[in-house]
Every structure is written in structure tokens, then in C-alpha cells.
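# Coordinates in review
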4 protein chains.
Amino acid sequence: MSTHDVTETAPGWLPADELGHIRERVPIVYVEAVPVRLDHLGQVTHVGLLLRVRPDGTVSRAVVSGRVLHGETVREALWRHLTKDLGADSDPKVPPSLAPFTVAEYFPDPDRTGFHDPRQHAVALCYVVAVDGECTPAQDALEFRWLSVADALKPEVAGEMSGGHDRLVRLAAAHVQRLP
Amino acid sequence: MSTHDVTETAPGWLPADELGHIRERVPIVYVEAVPVRLDHLGQVTHVGLLLRVRPDGTVSRAVVSGRVLHGETVREALWRHLTKDLGADSDPKVPPSLAPFTVAEYFPDPDRTGFHDPRQHAVALCYVVAVDGECTPAQDALEFRWLSVADALKPEVAGEMSGGHDRLVRLAAAHVQRLP
Amino acid sequence: MSTHDVTETAPGWLPADELGHIRERVPIVYVEAVPVRLDHLGQVTHVGLLLRVRPDGTVSRAVVSGRVLHGETVREALWRHLTKDLGADSDPKVPPSLAPFTVAEYFPDPDRTGFHDPRQHAVALCYVVAVDGECTPAQDALEFRWLSVADALKPEVAGEMSGGHDRLVRLAAAHVQRLP
Amino acid sequence: MSTHDVTETAPGWLPADELGHIRERVPIVYVEAVPVRLDHLGQVTHVGLLLRVRPDGTVSRAVVSGRVLHGETVREALWRHLTKDLGADSDPKVPPSLAPFTVAEYFPDPDRTGFHDPRQHAVALCYVVAVDGECTPAQDALEFRWLSVADALKPEVAGEMSGGHDRLVRLAAAHVQRLP
């Protein structure tokens, strides 16, 4: 999940200690978006993954993910996180229906649901989002890369995702019928 | 939405002042269930509505709705609220997929989304749930009644629901193709 | 439903008498698309309806609808009918998931399901399709117009649709949470 | 897909040569159901698979699948095929929404979509169906067995399914979040 929370400056922003206090008391609402490229028939050709080189040189990959702030709609949160992570020109196509294709429940206990976040219990509404524009990650340490669906599903790529994001990519691929 | 929160005694329970503090800072996760009776072909024949007679004699109706507690899964929250509101023998059939048919966003501002909760910003995952058993509401002030789909959609019944629950019933009726 | 079948010249094309023979024996596969305009947050702002002035001067409105030909995928059929009815520059965004938001079952008997086609039993996979481009209907007698969601749901507009297309528009509006 | 078509005696029944003629001209509408057992929280615990011992001793497995007849609704077809294949006491819970979780497109060409039927182009509406009752397959050569989700996803079990039914089980498992 996103670790950008401390850099948020929107009205719903919370200081770290306050957020920490709340995280011990209620589940936190998240949105998650699997960015995809589509051909003219709507078929998914590529999956977009954020990546970051860790201090030890290993690569960590993730889908777009972030908190829904107080007073913010799910659509606004999706738009904010997508354009923050993929850049102002990424032109994400937030889907017309709010119904997520799945709900990922993150718990500090990694064995609870298969989705894992050591910091919190989060309930994430998950969407497949077509991204048409140029992606140039605005966020400091993050890069972004388009992978073919086959590559995105490879065990070595899955192994670079944590918290269950690899599984979320598989569920998304199944939803769009690109899982073999 | 449910006002049962203060009577909760599960591990995720919070004192009223603490919950009030949190409600001003983050959106709260809810589940909402439209209880339905199905015929053998899966067609919805009846919609179940909770009702309560207000001190002034007017009737208030609602679908099942309640908070997801810290540490609780969405499925557990659905089961808990359904069996609390409809009784231990109601035998609700929590659906196999976690994907809600819609997401209702409640704001203190009634004009924001059409869903309204004066107490809080809540994000509710909404499900149509088949209920096969005997429904005898366990909760003190609440009664429960099955209405034909046509009756549940009548303006006079809709007028007895608040916060947008009438609209949620229409969205659910459309989802199961029982909206005229 | 579309009456373009006789003008089809693709490989799956069938002469009228042959198609009539088949229509008495098996249900026919259709795709139907409710064209929509979205704002940058994915919210539906307008619904597109085809219209035709009948010989008696009355107006008939419909969503995009047509047969899936033998050997053609659902995506190809959606693309073909959308670009035929809305024009080559309409740029329809066929959605990444093949799962329709509903299935409309058309029967010659108007009381069977509420969807009605005097010619046949048809099973239509129904999609909400964002259309970004310029729409200039290629098809002879048809025009095309964008209506605000509120206008598209008005009784006088609904009254100009037949076979249940008005209901399909309501179901689509509910799916994208634009039904009041 | 089902090969029961020739034994059908319902009004929509067609002699084999007539059906063969039609299969060369239009796609055929099918319903497919992945039978599942749920725990009280709606979580899928088991997947039901039909099986048949072939003359050479090998085992062939499949989900429930069959044609929608002329004049028959999708719900009626689901009920008919489920109770025919799993027995009159199987008590299948046809879901309240007609929207399938996916659409499987079968072509004689095995490379077209990954779903394959040498006899025809079929468009199958696919559902996950909870089955509560006793399953005693009514159909002559078929048996039926409940497998744990983990077993149903094993390569050796997948290898006993043909036409893409193994993939359909994986897509269904993803839909109900039981895919690892």
C-alpha cells in the first residue's frame, strides 16, 4: 500500500501520530487502481506497475494505492492518487461504475486474508483503470513501467511486489480475462 | 444508517467520544445489506425493511447497515449486522463474491452524493443478501417486514426511509432487474 | 433492438429467410451499449441515444444494439455496432471486462421479462460504453443525440423508446449511480 | 461444454441435423455454472466438478454447462441444467443478479479466446452458484464430486478438464477471491 500519507497536504491530511492513533481503532478506507493499457477492442495489453529501488538495490513494485481522505469521494481519491503517482498527463479513465471488481482487506496479520499491511487494517476498493496518457511519475522515489500482461504475471515480477499486490494483479487479470 | 454503534461490545467497540473524534478525521467503513427473498429461479420476490415507530408515531424504514470494526472482515461484519438485526435464525446467505453491487458514500452534506449521514463521512459496501430463515429482529426498538418489490418501490414507502436508503433500494432493484 | 441485420455484409451475414428460420429455433446473441459521456472523475454526464423520425413524424429513440455474428467476438461486435451507429470517429471505449452490467432477454411476448422484440428471442449482453469522439451516425436513417442524464430519464424521452430500451437506460443509470 | 443437447425433449429441442445447420450460422447461447459450497460467511470452501470416465479409463471433468433453449430464460436454463446434472435434490441457489461474472466465448479454433468447442461458436454466460443440497447426478454417464478449492486448482485436476473449463474455474476462484 502507499506510504505517501505523511506527504499529504489536502484538507483531510492528518499528522502521523494522529493517524497512528486512528489506525489502531478503525479500518482505514483505501482505493487501489491497477493501471492498464487497452487496445481498441478494450482488451488489456499492458499492466502498469510503480517501482522503487530499495537502498539494498532490490526492486519493489506496486499498483496505485492510497487513502480516501475525510470529505473526499472515492472518485476524487482515485483521480488524486492516479495523477500523483502517474503524473499530471497520465489521463486516467476512472470507470463509470463505482462498484469495485474486488475488495482487498489488509491486516497486520499476514495470514488473515492474504493481503497484508503491517501498519493497519485497511479496506481497499480495487479498480482496473485504463490509462491513456503519458506517465511520468511525479512522486520522488517512484518510477513507473508498462509490462505486457504475461510479464506482469511472471513469478519473478510477482516476487517483487509485497502485501499481496501480486495477487491483486492476478485477480485483476482474471477479471479482464487475461489470466491463462 | 445504523445507530447501534454505541451498543457494540465486540473488541472493535469504541466509546462514543472516541468514535466522534475519529469520525471528524477519516471516512468510516460500513456494510449495507438489502435483505431479499428469492424464488427457486433466484428472482427477487420480496425486499426486507427494518422499521421503527418514532416517538411522534411516524414510521422510519431502513436496510441493514453497520460499521466494520477494527480487526473484523467485511464478511464478518455483514454476518454480525444481519443476524443482529434480523435475528439468530434469519440464515442470511452472504454472497460468494466480496465485490459490492455499489458503494454508497454518505456525507454530512446531503447534496454531495445523494447519500446522507449527519454524523459522519461513511463509505458503505452494499450487497443484496438472500435471507432464507425466520426473521425476528433481536434489536430492541426495531421491527422487520417483508414487502413485495412493487411495494418496496412505492413513493410512500420510499418516503419513510432516510439518508438515501430509498435510493439504495432502487439501485438494488435495478441490479437484480426488478426495477420497472 | 437494431433492425440493421439485413444490411450486414460481414462473413456472418445471413439472408433474411435463413435468419428468420433460425430465429424460430434458438435465441439470438446480441450486444447492447448505452453510450455515455464522462467527466474527468468518471461520472456519467450524458447519455447518447439514436433517434429516427418515423413516417408519421413521431420520434423513436434507442441505444446501440446489434447481433453478434458467427465467428465474431463480443468485443468485435460491440466495436462494429458502435462505430457503425456513431460513426468512424466516435472512439468508443469498449470496457476492459467482458462481464455485462446486465443481460436483457427479449421475447416476442411483451409480458415475459419486460424486454420485447416481436421478431425473436434475443439474449443481449449490455454494457455502458464511454464515447469520447465526435459522433456522426453513419447509418442512413439514424440520428444521434447526447442528453443530460436527467433528460434521458424523463418520461417523455422514455416514451419514445420501445422494446424496453427506456428500462435499459434506467438500469444503466442505476449501475453508474445516476438514478435519483 | 455439455453434450446433452441431443437428449433434450423440452419445447426448444432441435433434431441433431437442424442444430448442426444452425451452429454453422449463428453463435449459440449457453449458461455455465461453477457449483460451490459456502461456509456461513459466504466464503467458498469447495468447488463441484462433474466427472466421467472415458472408455480409455481417463477422467474428464467439467462444470455445469448447457444450451439456453428457444423461449427459455437464462434463469430457467440455469435451473434446468443444474438440477439435471446435480440431481433434483441439489437445491442450487441461482443468484439474484443476472449479470454473469464473466462471458466465455467458445470457438472451434482453440487459439481464438482460450475457450474451445470443436462443434460450435458458443457464448456462455458464467455464474458461480451455491449448491446447498444433496448432489446425485441424474445424468447417465456423469458423476459429481466436491473438491476443496486448493484441489480444484491443482494442475492435475485442471489437466482433466477440456475446452477451457480449467481456466473458467480459475476465473471463478479469482472472482470469489480464492485464487492464491
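See the structure shown above.
Bear in mind the structure is a predicted one, so any value in this text is a computation, not a measurement.

Residues and elements named next belong to chain C. Taken together, the three bridges between strand β1 (residues 28-38) and strand β2 (residues 44-53) define a ladder with antiparallel strand orientation. Paired with R37 across the two strands is H46, which belongs to β2. Linking β1 to β2, which pair antiparallel, is a turn of five residues; within it G42 sits at a positive phi near 85 degrees. Looking at chain direction, β2 and strand β3 (residues 59-62) are connected through four bridges and run antiparallel. Counterpart to L51 in the pairing with β3 is R61. In sequence, β2 turns back onto β3 through a hairpin of five residues, with G57 there showing a positive phi of about 90 degrees.

If you look at the interface, chain B gives 32 residues, while chain A gives 32 residues. For the chain B face of the interface with chain A, the top three residues by lost area are R25, V26 and H70 of chain B, together amounting to 21%. For E18 of chain A, the salt bridge goes to R25 of chain B, with nearest N and O atoms at 3.3 Å. Looking at the side of chain B that touches chain A, the elements with two or more residues in it are α1 (16-23), α2 (74-86), β6 (102-107) and β8 (122-131) of chain B.

Bringing the pattern of salt bridges into the picture now. Evaluation of the coordinates by the stated rule reveals 40 salt bridges over all chains. Between R112 of chain D and E76 of chain C there is a salt bridge whose closest N-O contact spans 3.1 Å. Residue R112 of chain D is located in the loop between β6 (102-107) and β7 (115-116), and its partner E76 of chain C is located in helix α2 (residues 74-86); the two belong to separate chains. Taking relative accessible area as the criterion, R112 of chain D reaches 34% and is therefore assigned partly exposed. By relative accessible area, E76 of chain C is classed as partly exposed at 28%. Salt-bridge contacts for D117 of chain C lead to R119 of chain C; the nearest nitrogen and oxygen are separated by 2.9 Å. Taking relative accessible area as the criterion, R119 of chain C reaches 31% and is therefore assigned partly exposed. By sharing partners, the salt bridges in this structure join E18 of chain A together with E24 and R25 of chain B into a single network.

Here is what the cut-offs are and how they apply
- Residues numbered from 1 in each chain as written.
- Chains lettered and ligands numbered in written order.
- Predicted model: local features only at pLDDT ≥ 70, side-chain atom pairs only at ≥ 80, totals over all residues.
- Heavy atoms only, no water.
- Pairing = 2+ DSSP bridges.
- Helix = DSSP H or I, 4+ residues; strand = E, 2+ residues; numbered from the N terminus.
- Contact = heavy atoms within 4.5 Å.
- Buried area = accessible area lost by both parts, 1.4 Å probe.
- Salt bridge = Lys/Arg side-chain N within 4 Å of Asp/Glu carboxyl O.
- Buried < 20%, exposed > 50% of the residue type's maximum accessible area, 1.4 Å probe, protein only.

Read these as spatial facts, not as claims about activity.
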